[in-house]
Amino acid sequence: MPDAPQPVISATGLFTPAEAISNEELVASFNEYVALHNRKYAEAIAAGEVAELTESSVEFIEKASGIGSRHVVDKAGILDPEHMAPRLPERANDELSILAEIGVAAAKDALARAGRDASDVDAVLCAASNMQRAYPAMAIEIQDALGIDGFAFDMNVACSSATFGIQTAADYIRAGHAKSVLVVNPEICSGHLNWRDRDSHFIFGDVATAILVEDKDIAPAGYWDILGTRLKTVFSNNIRNNFGFLNRTHGAIDQSGPKSDKLFVQEGRKVFKEVVPMVAAMIVAEMEKLGLEGADMRRLWLHQANTNMNRLIAQRVLGHEASEDESPTVLDTYGNTSSAGSIIAFHLNHEDMVAGDNGLICSFGAGYSAGTVFVRKT
Ligand code: COA
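Model, not experiment: these values are computed from the prediction.

## Points about the overall build of the protein chain
Phase 1 of the analysis: Within the protein chain, the secondary structure is distributed over 11 helices and 13 strands.
Phase 2 of the analysis: Here the C-alpha radius of gyration of the protein chain, 21 Å, is about what a compact globule of 378 residues would show, namely 21 Å.
Phase 3 of the analysis: Summarising its shape, the C-alpha atoms of the protein chain cover approximately 80 × 50 × 35 Å along the three principal directions.
Phase 4 of the analysis: Taking all 378 residues of the protein chain together, the buried fraction comes to 55%.
Phase 5 of the analysis: Of the contacts made within the protein chain by residues no fewer than 6 positions apart, 77% connect residues no fewer than 24 positions apart.
Phase 6 of the analysis: Total accessible area computed for the protein chain in this model is approximately 16400 Å², and 51% of it derives from carbon and sulfur atoms.

Written out as structure tokens, the structure is:
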């Protein structure tokens, strides 16, 4: 009897937008918006009818999050203090949509690294937080642009979408429904971030990643064994985005104010306190199941939301303060890129690993949702 199909990671891909915004540029524009607002509403502020806005600070952003810069698809629109959102000309329905475009770029990178032709792929999962529309599925548009004969669908588990996508792809391969599955994570977070909200305007950036999950029998040399995956969700309103026409306020989508819940909004402190123990416990339990200890782990590619969160989680897993080599950060240059964060960390930090090295791709975020993918280099 032939061996049961065994899913592995063949390659990953990355697309990084050319433009970037430093904290200095971001804060200068935000503070200009604050000055404009406070001047415009001076009388109402004096009468106590409108809240006075407070300036942001580069020092706070770096200390609270570890973020130094973020890539974006449109810098000018975001930094315009009168606009504060990306300006992306709407494309006709017969043009490739921008989210699909960056997803295709990351997918092509992953395929090239695996020496794989798109025609060999059986399925595409677009696993991401920030979908561009309700339907047709982004994944089907990406499938079409790549020329893949098979099936495709979208899945959204917020920042954990990539690990949920990897487990789903792995399950399709185990069940014999596919031999080669592309998981694509295009994230134009800048379209869903409230650039007028001082508490969160610095958090996100834009990027796309892709992961090629395949049957070991067809995978290229040097693939990554998937030792085990684990997913978990626990409902919470502490990170939320109500975007969509069902959630209009007084007939129009309100995206203008600093606290609109039609864009990303969170209780950052609560998220920090509740998610760190949940994720650390989940990783430790899965390691026990797989017979792994902290000392067996060569590298952790953690979700990139906050350096302080990652420091605490890595410490719990490894049993000591993690070095940059053990738990690499891409937050400093990419910001939080939602589902793509742990995949960027993996993509940019695995070349030095040798056969037998163990690693963990781990994501966590809104839902709450968390996913672990333990891998071993072959
Ligand atoms: N510039 C300057 N000061 C700011 C500021 C800004 N942009 N934003 C907030 N502050 C101030 C607050 O007003 C507050 O001042 P106060 O103590 O006088 O009231 C102080 O800084 C602390 O604010 P707080 O929001 O409690 O900051 P924090 O230390 O919790 O850091 C996050 C904020 C969001 C970076 C942090 O909570 C976090 O990373 N949480 C994890 C959640 C996450 O990243 N989720 C993303 C989706 S996965």
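## Some details on helix 9 (residues 307-318)
Phase 1 of the analysis: Between its first and last C-alpha, helix 9 extends 16 Å over 12 residues, near the 16 Å set by a 1.5 Å rise per residue.
Phase 2 of the analysis: Turning to helix 9, the residues buried within the fold contact helix 8 (268-290), strand 11 (297-302) and strand 12 (358-365).
Phase 3 of the analysis: The N-terminus of helix 9 is capped by Asn306, whose side-chain oxygen sits 2.7 Å from the backbone nitrogen of Asn308.
Phase 4 of the analysis: Gly319, located one to two residues past helix 9, shows a positive phi value of around 85°.

## Considerations on the site of the ligand
Phase 1 of the analysis: Taken together, 20 residues lie around the ligand, and Ser56, Arg198, Gln266, Arg269 and Asn306 are the ones closest in.
Phase 2 of the analysis: In this structure, a nitrogen atom belonging to the ligand sits 3.1 Å away from a main-chain N or O atom of Gly268.
Phase 3 of the analysis: The side chain of Asn306 places a nitrogen or oxygen atom 2.5 Å from an oxygen atom of the ligand.
Phase 4 of the analysis: Starting from 960 Å² of accessible surface for the ligand in isolation, the protein chains cover 72%.
Phase 5 of the analysis: Elements represented by at least two residues in the shell around the ligand include exactly helix 3 (58-65) and helix 8.
Phase 6 of the analysis: Top element by residues in the shell around the ligand is helix 8. It accounts for 4 residues.

## Here's the deal with the packing of helix 5 (residues 98-114) against helix 6 (residues 138-146)
When two helices pack together, their arrangement is given by the angle between the helix axes and the distance between those axes.
Phase 1 of the analysis: It is the contact of helix 5 with helix 6, at a shortest axis distance of 9 Å, that shows an interaxial angle of 55°. As summarised for this structure, helix 5 and helix 6 are arranged oblique, according to the angle between their axes. For the crossing formed where helix 5 meets helix 6, the hand is right-handed. Across from Leu99, Ala100, Gly103, Val104, Ala107 and Lys108 in helix 5, the residues of helix 6 making contact are Met138, Glu141, Ile142, Ala145 and Leu146.
Phase 2 of the analysis: In terms of residue class, the contact of helix 5 with helix 6 is made up of 8 nonpolar, 1 polar and 2 charged.

So, how was this worked out
- Numbering of residues begins from 1 in every chain and follows the order in which that chain's sequence is written.
- Local features in this predicted model are restricted to residues whose pLDDT is 70 or higher, and side-chain atom pairs enter the listing and the counts only when it is 80 or higher, whereas totals over whole chains, interfaces and linings include all residues.
- As a rule here, side-chain values cover all heavy atoms of the structure and leave hydrogens and water aside.
- Put simply, DSSP marks the helices as runs of H or I at least four residues long and the strands as runs of E at least two long, and each gets a number from the N terminus on.
- Both definitions apply: the radius of gyration is a C-alpha atom measure, and the globule rule equals 2.2 Å times residues to the power 0.38.
- The rule is simple: take the accessible area with a 1.4 Å probe, protein chains only, and divide by the maximum for that residue type; under 20% is buried, over 50% is exposed, in between is partly exposed.
- What makes two residues a contact is simply this: any of their non-hydrogen atoms within 4.5 Å.
- What sets the accessible areas is the Shrake-Rupley method with a 1.4 Å probe; for residues, cover comes only from the shown protein chains.
- Multiplying 1.5 Å by the helix residue count minus one yields the expected span of that helix.
- Distance and chemistry together define a polar contact, namely a pair of N or O atoms within 3.5 Å, with one atom able to donate a hydrogen and the other to accept it when in protein, and with adjacent residues in sequence counting only for side-chain atoms on both sides.
- The nearness test applies per residue and asks whether one of its heavy atoms lies within 4 Å of the molecule or strand.
- Throughout, an axis means a line fitted to C-alpha atoms (over the contacting stretch in the case of helices), and angles, computed between N-to-C directions, take values from 0 to 180 degrees.
- Angles are sorted into four bins: roughly parallel if under 35 degrees, roughly antiparallel if over 145, roughly perpendicular if 65 to 115, and oblique for all others.
- Crossings are sorted by hand: turned counterclockwise from the far helix by less than a right angle, the near helix makes the crossing left-handed, and turned clockwise it makes it right-handed.
- Throughout this entry, Asp, Glu, Lys and Arg are counted as charged residues, while Ala, Val, Leu, Ile, Met, Phe, Trp, Tyr, Cys and Pro are counted as nonpolar. The remaining residues, Gly among them, count as polar.

Shape descriptors only; they carry no functional weight alone.
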